[in-house]
Amino acid sequence: MASLTSRLEHAIKPDALRAYLAEFISTFLFVFTAVGSAVASKKMMPDATTDPSALVAVAVANAFALSVAVYIAANVSGGHVNPAVTFGMAVGGHISVPMAIFYWISQLLASVMACLLFKVTTVSQHIPTHGIQQEMTGFGASVLEGLMTFNLVYTFYAARDPRRGPLGAIGPLVIGLVSGANVLASGPFTGGSMNPAYSFGSALIGGRFKNQAVYWIGPLIGAGLARVVYDNVVFAVQIADGIGV
């Protein structure tokens, strides 16, 4: 009981509150840009669903946006910008469960607000939601999203590892690049989400929750496995000082 109380107290300290705000801002900016790029590509290209250049545009926008979002929050909250990353951190014991819950709330709220603001500012423009191809099953889509999220989250841990020294400075860029690559690889099949908050926000404002479980089950399992593999198989566990790192 004492341990739980101390964790709850730690979760509401000023540093923790700043971390939640940083996560909200970064997630908001990322989702706003990601949704905007998807809407813009469909508006500028008559048949964006079959035009490869539309996929490339969305992938590049996701890569740039995530790089910036991670960079601006890295020293405050760890720059998770993704409930899957936070889940992996909690699985590895790098962040307490109460803090992880508050991170999730910040990320989900930011995603919803970003999608809502985009819808309002673009005069009720339709918000695209993530969906799977008709020929795919929910299981197959979950596995694909899980693999893509494993790739993203494993890269996140490797890029943020303090043992990399000066190379860690390019961590946010590397994380963004792998995100863009994953969108190119999985975009036509599942939308290339890898981020439950992004999928939830667009589904809530877009009004379409079909196959929403795919974008939670796959990414969370993939992120958890990435944390376990990185900490216990490839490298020894090393918990850095600071929140969410």
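The rules behind these values
- Residues numbered from 1 in each chain as written.
- Predicted model: local features only at pLDDT ≥ 70, side-chain atom pairs only at ≥ 80, totals over all residues.
- Heavy atoms only, no water.
- UniProt positions renumbered as here; feature names shortened; annotations may be inferred.
- Helix = DSSP H or I, 4+ residues; strand = E, 2+ residues; numbered from the N terminus.
- Phe/Tyr/Trp six-rings, centres within 6.5 Å; stacked < 30°, edge-to-face > 60°.
- Buried < 20%, exposed > 50% of the residue type's maximum accessible area, 1.4 Å probe, protein only.
- Lys NZ or Arg CZ within 6 Å of the ring centre and 35° of its normal.
- Contact = heavy atoms within 4.5 Å.
- Salt bridge = Lys/Arg side-chain N within 4 Å of Asp/Glu carboxyl O.
- Core = buried A, V, L, I, M, F, W, Y, C linked by side-chain atoms within 4.5 Å.
- 1 Å grid on protein atoms, 1.4 Å probe; cavity = no way out; pocket = protein on both sides within 12 Å on 5 of 7 lines; lining within 4 Å.
- Points joined across faces, edges and corners; volume = space filled by probe spheres on them.
- Nonpolar A, V, L, I, M, F, W, Y, C, P; charged D, E, K, R; others polar.

Engineer: Before we go on, may I ask you to explain the UniProt feature "transmembrane region" (unreviewed entry) in the protein chain in this structure?
Structural biologist: Sequence positions flagged by UniProt for "transmembrane region" (unreviewed entry) are, in local numbering, residues 20-41, 53-74, 94-118, 139-159 and 165-185. Secondary structure content for residues 53-74 is 95% helix and 0% strand, while the C-alpha to C-alpha distance between its ends is 31 Å. Segment residues 94-118 splits into 88% helix and 0% strand. End C-alpha atoms: 34 Å apart.

Engineer: How should the packing of aromatic side chains be read in this particular structure?
Structural biologist: Here a ring pair, both rings aromatic, is described through the centre-centre distance and the interplanar angle of the planes. Per the counting criterion, the structure on display carries 12 aromatic pairs. Judged by centre distance (5.3 Å) and plane angle (35 degrees), the ring pair of Tyr 20 and Phe 102 falls under tilted. Highlighted residues: Tyr 20 in helix α2 (residues 14-44) and Phe 102 in helix α5 (residues 97-121), separated in sequence by 82 residues. On the basis of relative accessibility, which here comes to 8%, the residue Tyr 20 falls in the buried class. An aromatic cluster of three or more residues is present, and its members are Phe 150, Tyr 154, Phe 156, Tyr 157 and Tyr 230. The cationic tip of Arg 227 hangs over the ring face of Tyr 157; the distance from NZ or CZ to the ring centre is 3.8 Å.

Engineer: What should I look at first to understand the side chain of Thr 155 in this one?
Structural biologist: Mapped onto the elements of the fold, Thr 155 is located in helix α6 (residues 138-160). Discounting residues that sit within four places of it in the chain, Thr 155 has contacts with Val 174, Ile 175 and Val 178.

Engineer: Looking at this structure, how should I read unusual backbone geometry?
Structural biologist: Working note: non-glycine residues mostly have negative phi, and peptide bonds are mostly trans. Residue Met 194 is not a glycine yet carries a positive backbone phi of 65 degrees. Residue position: Met 194 is located in the loop between α7 (171-190) and α8 (196-206). The buried category is assigned to Met 194, whose relative accessible area is 1%. With a phi angle near 60 degrees, Asn 211 is a residue other than glycine that sits in the positive phi range. Within the element layout of this structure, Asn 211 appears in the loop between α8 and α9 (214-234). Its relative accessible area of 27% is what places Asn 211 among the partly exposed residues.

Engineer: Would you explain the pattern of salt bridges in this entry?
Structural biologist: Pairing is possible between side chains that carry opposite charge, provided their charged atoms lie close to one another. Enumeration over the complete set of coordinates arrives at two salt bridges. The residue Asp 15 makes a salt bridge to Arg 18 at a minimum N-O spacing of 2.1 Å. Residue Asp 15 and its partner Arg 18 are both found in helix α2; the two are separated by three residues, about one turn of the helix. Close ionic contact of Asp 231 with Arg 227 constitutes a salt bridge, the shortest N to O distance being 2.8 Å. Note that Asp 231 and Arg 227 are positioned in helix α9 at a spacing of four residues, about one turn of the helix.

Engineer: What's the story with the nonpolar core in this structure? I'm lost.
Structural biologist: Inside soluble globular proteins, nonpolar side chains tend to come together where they are buried. Judged by nonpolar contacts, the single largest core of 55 residues is most densely connected at Phe 30, Val 31, Val 35, Leu 66, Met 99, Tyr 157 and Ile 175. Counting residues per element, the ones that place at least two in this core are α2, α3 (52-73), α4 (83-91), α5, α6, α7, α8 and α9. Look past the residues within four positions of Ile 175 in its chain and what remains in contact with it is Leu 66, Val 70, Leu 152, Thr 155, Phe 156, Ala 159 and Arg 160.

Engineer: Where do I start with empty space enclosed by the protein in this structure?
Structural biologist: Over the atoms rolls a probe the size of a water molecule, and in doing so it shows where empty space is left. With the rule as written, the count across this model stands at two cavities of 30 Å³ or more. Counted as a void, the second largest cavity has a volume near 100 Å³. For the second largest cavity, the lining is made up of 16 residues, of which Leu 66, Asn 82, Leu 152, Ser 179 and Asn 195 are closest to its centre. Breaking the lining of the second largest cavity down by element, the ones donating at least two residues are α3, α6 and α7. Sort the elements by how many residues they give to the lining of the second largest cavity and α3 lands first, with three residues. Classifying every residue of the lining of the second largest cavity gives nine nonpolar, seven polar and no charged.

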